[in-house]
Amino acid sequence: MIEVHRVSVLVLVLALSAACCLGFGFVLQQNAAQRAPLSDFLSFRLLIDLVKVPRWLGGIALMVVGMALGAAALGQGELALVEPLLATNLLFALALSRRQTKQPLGRQGWAGLLLLAGGVTAFIVAGQPQGGAATADPVRQWLIIGAMVGLALLLTTHAKRSRLSSGPVLLALAAGLLYGVQDALTRVSGQKFADGGFAELLTGWQPYAVLALGVTGLVLVQSAFETASLRKSLPALTAAQPLAGIICGVGFLGDRLRTDAVALSWEAGGLLAVVAGIVLLGLHPAMPHGLAERARVGKLQAQPQPQ
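Residues numbered from 1 in each chain as written. Predicted model: local features only at pLDDT ≥ 70, side-chain atom pairs only at ≥ 80, totals over all residues. Heavy atoms only, no water.

A. Region of the structure containing unusual backbone geometry. One non-glycine residue, Gln128, adopts positive backbone phi at about 45°. Along the chain, the position of Gln128 falls in the loop between helix 6 (106-127) and helix 7 (138-159). (Helix = DSSP H or I, 4+ residues; strand = E, 2+ residues; numbered from the N terminus.)

Given below as structure tokens:
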């Protein structure tokens, strides 16, 4: 019992540290990405241009550290436990944004904070996530991964036609889905490395998929940051990633949650509270509005309309 308690504390510290780095990193990335040329939208040229910006590099460095800490947390705990904790990155993003904008937290901020923290606590306490044997059915695994990636592709395709309206939200949702799958495959890669070292790890497809999903998700996120403020993009990203990760964890990694009626109701209520808290915090006035976004929208509105 003592050993379980120690592991839980370690997972908590690792996941919250990862969330802190991710939240700070997202704010720095968006500060830089919103000044990138709009012609780089959904292009790898966007990353090439942003590499020249020190603030963006600092945000990426924090993101890499956060992903490494998240991978360490996934190596010690279940995906269904770690993912809700990672969703608290929005709290840290808001803290840095408040420092930049000097906005008070107010009722909306406190309500969002309580909903997010309370929802995460309710889901973990009610669900009591536990690890189990991963499914040996490859069809089930590929169906879940294919559904996530396919939905992300559909969202991205639609986002191309609505850059400055719903586009950033759709891109953030797509990136969140990909990051959720990436977290699941990161855990699988960690298990392979623990079982057979680099030889076992590099012979599997999972680490290469992790890299591909990470780069693709990065392009989607930076394109969302480029065309809109954090208030539009970060809530969608933060909400989609844990939901996708939990589905993968329970679907094919063997994570188990309590399934009695009372537990399920608390789990569902907890996830709804998490999403509601994310939305409230993401729409908080302290979140950067995006000067570039307003300027571009203003230019579009100033253009003469076709007769």
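Anyway, onward from the coordinates.
B. Highlighting helix 8 (residues 167-202). Taking 1.5 Å of rise per residue, 36 residues should cover 52 Å, yet helix 8 covers just 36 Å from first to last C-alpha, more than 12% shy of that figure. The largest bend along helix 8 reaches roughly 135° and is located at Gly196. (Expected span 1.5 Å × (residues − 1). Bend = angle between axes of the 7 residues up to and from the residue.)

C. Spotlight on the pattern of salt bridges. A complete count under the given rule lists 3 salt bridges for this structure. The shortest N-O distance in the salt bridge between Arg187 and Asp255 comes to 2.7 Å. Taken as a pair, Arg187 in helix 8 and Asp255 in the loop between helix 10 (230-252) and helix 11 (261-282) lie far apart in primary sequence, 68 residues in all. For the salt bridge of Arg258 with Asp260, the shortest nitrogen-to-oxygen distance reads 3.3 Å. Among the residues examined, Arg258 registers a relative accessible area of 35% and is labelled partly exposed. (Salt bridge = Lys/Arg side-chain N within 4 Å of Asp/Glu carboxyl O. Buried < 20%, exposed > 50% of the residue type's maximum accessible area, 1.4 Å probe, protein only.)

D. Spotlight on the layout of surface pockets. Approximately 450 Å³ is the volume found for the largest pocket. Met67, Ala71, Gln182, Thr186 and Val210 are, among the 24 residues lining the largest pocket, the residues nearest its centre. For the lining of the largest pocket, the elements supplying multiple residues, two or more each, are helix 1 (2-33), helix 3 (54-76), helix 8 and helix 9 (206-227). The class makeup of the residues in the lining of the largest pocket is 15 nonpolar, 8 polar and 1 charged. Around the second largest pocket, the lining is made up of 15 residues, and of these Leu153, Thr156, Leu178, Thr216 and Leu220 lie nearest the centre. (1 Å grid on protein atoms, 1.4 Å probe; cavity = no way out; pocket = protein on both sides within 12 Å on 5 of 7 lines; lining within 4 Å. Points joined across faces, edges and corners; volume = space filled by probe spheres on them. Nonpolar A, V, L, I, M, F, W, Y, C, P; charged D, E, K, R; others polar.)

E. Summary view of the state of the cysteines. Under the criterion given, the structure shown has 0 disulfides. Cys21 takes part in no disulfide bond, and the closest cysteine sulfur to it belongs to Cys20, at a distance of 5.5 Å. Note on Cys21: relative accessible area 14%, which makes it buried. (Disulfide = S-S within 2.5 Å.)

F. The arrangement of the packing of aromatic side chains in detail. Summed over all chains, the structure comprises 4 aromatic pairs. Pairing Phe193 with Phe198 gives two aromatic rings, centres 4.9 Å apart and planes at 70°, and the pair type is edge-to-face. A residue is classified by how much of its surface remains accessible, and Phe198, at 58% relative accessible area, is exposed. (Phe/Tyr/Trp six-rings, centres within 6.5 Å; stacked < 30°, edge-to-face > 60°.)

G. Representation of the packing of helix 7 against helix 10 within the structure. It is at 10 Å that the axes of helix 7 and helix 10 come closest, and there the two elements cross at 170°. When the axes of helix 7 and helix 10 are compared, the pair comes out roughly antiparallel. In contact with Arg140, Gln141, Ile144, Ile145 and Met148 of helix 7, helix 10 contributes Ala244, Ile247, Cys248, Val250, Gly251 and Phe252. Of the residues that constitute the contact of helix 7 with helix 10, the class distribution is 8 nonpolar, 2 polar and 1 charged. (Axes fitted to C-alpha atoms, helices over the stretch in contact; angles between N-to-C directions. Parallel < 35°, antiparallel > 145°, perpendicular 65-115°, else oblique. Contact = heavy atoms within 4.5 Å.)

H. Representation of the environment of Asp40 in the model. With respect to the helices and strands, the residue Asp40 is situated in the loop between helix 1 and helix 2 (45-50). Exposure remark for Asp40: the relative accessible area of 3% places this residue in the buried category. In the structure, Asp40 is positioned 179 residues away from Val219 in sequence and 9.9 Å away in space, judged by C-alpha atoms. Apart from the residues within four sequence positions on either side, Asp40 is in contact with Arg45, Leu46, Asp49 and Glu226.

I. Region of the structure containing empty space enclosed by the protein. Considering all chains together, one arrives at 2 cavities of 30 Å³ or more under this definition. When its volume is computed, the largest cavity comes out at roughly 50 Å³. If you trace the largest cavity, you find it lined by Leu22, Phe26, Glu83, Leu86, Ala87, Asn89, Thr238, Gln241 and Pro242. Counting only elements with at least two residues in the lining of the largest cavity, the list comes to helix 1, helix 4 (79-86) and helix 10. No other element matches the 3 residues that helix 10 contributes to the lining of the largest cavity. Of the voids in this model, the second largest cavity is the one considered here, and its volume is about 40 Å³.

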